[in-house]
Amino acid sequence: MSREHLLTWYGFIVGGVAWGWLLLLPTVPTVPALVVLFAVLAFAVDLLAFRTPPADVHSLAPLVLVSASLALGPIPAAWIAAVEGFVSGVTILLQTNRPRTLFSLLGRPLLRSGLRALGLLVGAWLATISSGQPLTALPMSHVFGWTLLSFPFVTQLGRIGRELLQGGYSGLATWWRSAWPAILGAEMAPLPLAWLGAAIAHDLGMLHLILAGGALVASAAILRRSSLNLQRQRRSMRELARLNEVSRAIIRSELDVDALCELIYREASRIVDTSSFHLGLFNGHYYTLVVRVQDRVRLPRLTVDLSENSGLIGWIRETGRAILVEDFTREMDRLPARPRYQSERPPRSGIYVPLIAGETVIGSISVQSYEPSAFDANDLRLISLIADQAAVAIARARAFHEARQRANQLQAIREVSQQITAILNLDRLLPSIVQLIRERFGYHPVHIFTLSPDDERIYFRASTADGADLERLRALSLRIGQGLVGEAVQRGEPVLVGDVLNDHRAIRDTLQTRSELAVPLRVGTTVIGVLDVQSDEPDDFDEDDLFVIRTLADQIAIAIESANAYTAQQEEAWTLNALLQIAENIGRATTLSDLLATVVRLPPLLMGCPRCYVALWDREQGDFVVRAVYGLPATARTGVLNQPTRSPFFWRLRERTAETDQPRLELLWQAQDNADQWPTLITVARSGTLVGLPISARNTLLGVLVLDYNDPFVSLSTRQQNLCTGAAAQIAGALESLLLAAEAAEAARLEQELRVAREIQQSLLPTRLPNVAGWQIEAAWQSARLVGGDFYDFWSLPTGTEPPRELGFVIADVSDKGIPAAMFMTMARSLVRAAALDGSAPARAMERANRWLYRDSESGMFVTLFYARLDLITGQLCYTCAGHNPPLLYRAATGEIEELRTPGIALGVLPEATLAEAEAQLAPGDVLVCYTDGATETINELLVPFDVDGLRAVIKAYAIGPAATIMQAILAAVARHSHGQPPFDDITLIVIKRAST
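Anyway, here's the lowdown on the structure attached to this text. Just so you know, these numbers come straight off a predicted model, no measurement behind them.

### Some words on the sheet that holds strand β18 (residues 666-668)
Spatially, the 5 strands line up as an open sheet ordered β17-β16-β20-β19-β18, and their pairing is antiparallel. Each of the sheet's edge strands pairs with one partner strand only, and the pair in question is β17 (623-630) and β18. Each strand axis lies, on average, 25° off the axis of its neighbour in the sheet, ignoring direction. Here strand β19 (residues 689-697) runs beside strand β20 (residues 700-709); their pairing, made up of 9 bridges, is antiparallel. Within β20, the residue paired with Ala697 across the bridge is Thr700.

Below is the structure:
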């Protein structure tokens, strides 16, 4: 229950007791004129009452009421006291414009009337006890004595109760110091004169009583005026002494701002009525009322924001001028600024004085009253003098407090710095820092975040929070620019928010937080983290807090950097040692199987993963194939080992490796929920997190090393990542060396086999060319590779003559190159020779060879050829061309070249082929050149082919020479045209010339 309510109930109870007692008493006959006269006299002297600080009212009404008790009797006098006390209490309230509260309108008037009535009734009651006579028949002498004792006692005891409820012991003491002289001099000392007033009423009559009453009213007016003059004189006399005392008290006071403010309030109370007193100090745009008294009730200090509506206090701060307001009602429109408060009972007058230290307004003093013209210029002058001295003392105390606080802060910062710089383990350092800050500076909660330069994410590292708040922080994921912490990183400057509820940037990681200060941890110009402190009170951080946190942030940044450097050295040493062990182990492997078996055993030892796999890229299957497994049970190994992975996880790693030269880890968290990323493994292995490391050499992905953890959320440290990439590089080097060695051995073996194949293939070609009189025959075979797909052949046909007169010959080109073409060439040569040896016509013989080739070949290969029968006597040539380049026939008689063409397709394409035959006559000096497309399609560096025209030109140029010369000329011309370019295809030539007769 508030003091206001207590006072109201107090007035109701005292008034109720008095009025209830009156209602229970019998009615006593009395003279109405006397009753009215005494009531009017009491009301008049009450209106002429004078007031002494801190606002108590004193008058000669007790003298009138006691006189009425003696003249009329206690009961009528008590009724006069009750009614007049209530009416005068309300009237005085309306005259002074005091607050219209339930207590002031009813409680206080009831208390006033009740105490006066009880003072008279208690005196009469004591008189009845002492005399033994009834209340209505008491002699005046008995009533007089007891009333002189009871009336002052009851009324002052009631006042004491009122002051105790209203202001406590301090209020009671203040009231008694100012009120006791007036109580004794104006209320108690004149009471014996009540006997005279009663005697005048009894013996001299109404007229004399009216005259005596007029004299009493005049005396009351004189007393009021004398009291006011005396107060002014005493105040004038005490001003210099008080100012001197105030100065000495301020000088002797301790350098404590709160104590100085209390001293100023006490000293001001000696000069003016400080029932409503405010002393406030400025701090930025905030104004703190250090001393706040309202209606003599001490209220707690209050801080208000003057940034938007500074009001009258803001005007004082801006101008440094004092102001005296005699009546707000009349002067409101003329004031330089309107008061900021909004109240149904505003004060009527007030003094407003700035506290100026040097040229800075550091605060203000305001004294207010509910009565108009309660203060004058002299009061303003005295309060200003006190304010001038107080401002200097407060500024000095503030400076001393700030210096001492700063010294304590620096000492605490030094001690904290000494403790944190001794810790080089970052995992121990950061929790120790937040706990030390909480213990030494009282901040809570305190958070530390660090910045990851790799992905520009901000990670939570340590906090003094616990429970659900700590879990929210651990789950928090921040990026640069996100939240107050992210903005501090982005700006590189502290971010201070007085109320996070009104700031859209704030992230409520701790639900009770109202104000927050985030300071970046910087090393030079690089931000490495954020120190974040919070409070559950709005506007709880000031410049001192900013200084402390910034200084601590600088020390913490240095400590983190030192710990990082130490940790980096340790991790580098550990990584190098681990990589040395890896190099030693994989260096012992001499075969691929030994290497892979070693590789999958090392990560579980060094990285702590329970399972490890190696998958190599298989060109033939176009997928990664698992070649080594560690940690899987035997039943699960069979479904994984030597099997294609069919894993999107591997393909994603392959794509990312192709995009960059730097190897990057690929993590698959919660693998059980993403089994489709490696369906053949994740389910059977019950994987939690998969870490894939590319094994690449010279921008070629050789394979993948996979670490398999049970934990669904594994985050590798920088040391672990460096170890993984270093190990992958060493594995890649060793794997590449073994693969290259295996490839070299395989290449050597294959080359040897090709050499043997070439020798075999060359052995299938004619070892000697036909030597026939009148004919020059030359042939050449050059394969583009060790083995080729071209061939030529000569055989004698059965004609029944000796020597045979017909010569069969063929030139052919298989559709492919290399070993497949060589194997097909061997089969084609045998089948073509077998089909032609019986002497069949060229077309029928090759049709028969086509059927055999189609039947015995499943490779889809085919062969083009030119087959002819030459009559060595007549020079008649019968031939067929199965899709081959048409031979060139040079006519010596005309110098022209003819192409020998017949319709037909290559052999081996269709099961049945229809070929055509043609004949030509070779005259003496004619030259027949048969060739494969390797000669005409040879290109130079400009990709220009030698072409048939080039071949024609060489033939014409060298046709008169022997066949051997023509052959060498063609080969030389093709070589010159290629300019050293590798051969495009096999080159095969047959040159037949009929000698001139």
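After presenting the structure, the write-up continues.
### So, unusual backbone geometry
Backbone torsion omega between His444 and Pro445 reads 0°, so that peptide bond is classified as cis. With respect to the helices and strands, Pro445 occurs in the loop between α13 (426-441) and β10 (446-452). Not every positive phi belongs to a glycine, and Ser373 is a case in point at roughly 55°. Within the secondary structure, Ser373 sits in the loop between β9 (360-369) and α12 (377-421). One non-glycine residue with positive phi stands out, namely Arg646, at about 50°. On the secondary structure map, Arg646 appears in the loop between α18 (634-637) and α19 (648-659).

### Here we look at the environment of Leu65
Tracing the sequence through the fold places Leu65 in helix α3 (residues 61-72). In the structure, Leu65 is positioned 129 residues away from Ala194 in sequence and 8.4 Å away in space, judged by C-alpha atoms. Sequence-distant contacts of Leu65, that is, excluding residues within four places in its chain, are made with Ala42, Ala77, Ile80, Ala81, Arg116, Leu120 and Phe151.

### Quick look at empty space enclosed by the protein
Taken as a whole and assessed by the stated rule, the structure comprises 4 cavities of 30 Å³ or more. Considered as a void within the structure, the largest cavity measures approximately 100 Å³ in volume. Taken together, 13 residues make up the lining of the largest cavity; nearest its centre are Ile582, Pro603, Met607, Leu705 and Ala727. At the level of elements, α17 (592-607), β20 and α21 (718-764) are the ones that each hand at least two residues to the lining of the largest cavity. For the lining of the largest cavity, the leading source of residues is α17, giving 5 residues.

### Thoughts on helix α25 (residues 947-958)
The terminal C-alpha atoms of α25, which comprises 12 residues, lie 17 Å apart, in line with the 16 Å expected from a rise of 1.5 Å per residue. Taken residue by residue, α25 has Val948, Gly950, Leu951, Val954 and Ile955 as its buried positions. End-on, the buried residues of α25 take up no more than an arc of 160°, which puts them together on one face. Across α25 from its buried face, at more than 90 degrees, point the exposed residues Asp949 and Ala957. Considering only its buried residues, α25 is in contact with β26 (888-890), β27 (897-899), β29 (927-931), α24 (933-936) and α26 (963-978).

### As for the sheet that holds strand β12 (residues 478-479)
Taken together, 6 strands build an open sheet; the order of strands is β12-β11-β10-β15-β14-β13 and the sheet is antiparallel. Either end of the sheet is taken by a strand with one partner, and the two such strands are β12 and β13 (495-497). The pairing of β10 with strand β11 (residues 457-463) spans 6 bridges and is antiparallel. Within β11, the residue paired with Ser452 across the bridge is Arg457. With respect to the sheet, helix α14 (residues 467-474) is in contact with β10 and β11, its orientation differing from that of β11 by roughly 155°. Strands in contact with helix α15 (residues 483-491) are β10, β11, β12, β13, β14 (515-523) and β15 (526-535); relative to β14, the strand with the most contacts, it is inclined by about 35°.

About the cut-offs
- Within every chain, residues take consecutive numbers counted from 1 along the sequence as written.
- The predicted origin of the model limits local features to residues at a pLDDT of at least 70 and limits the giving and counting of side-chain atom pairs to 80 or more, whereas totals for whole chains, interfaces and linings rest on all residues.
- Side-chain measures were taken over the full set of non-hydrogen atoms in the model, leaving aside hydrogen atoms and water.
- Each pair of strands is called paired provided DSSP finds at least two bridges between the two strands.
- The helix and strand labels rest on DSSP assignments: H or I over at least four residues marks a helix, E over at least two residues marks a strand, and numbering proceeds from the N terminus.
- For helices, the fitted axis covers only the stretch in contact; all axes are lines through C-alpha atoms, and the angles between them, taken along N-to-C directions, range from 0 to 180 degrees.
- The contact criterion used throughout is that any non-hydrogen atoms of two residues lie within 4.5 Å.
- Only protein atoms enter the calculation, which uses a 1 Å grid: trapped sets of points that fit a 1.4 Å probe without letting it out are cavities, open sets showing protein on both sides within 12 Å along at least five of seven lines are pockets, and any residue with an atom within 4 Å of a point is a lining residue.
- Grid points are joined across faces, edges and corners, and a volume is the space filled by probe spheres set on the points.
- Given the number of residues in a helix, its expected span is that number minus one, multiplied by 1.5 Å.
- Using a 1.4 Å probe on the protein chains alone, a residue whose accessible area is under 20% of its type maximum counts as buried, one over 50% counts as exposed, and one in between counts as partly exposed.
- Of all possible arcs, the one meant is that of the directions from the helix axis to the C-beta atoms.

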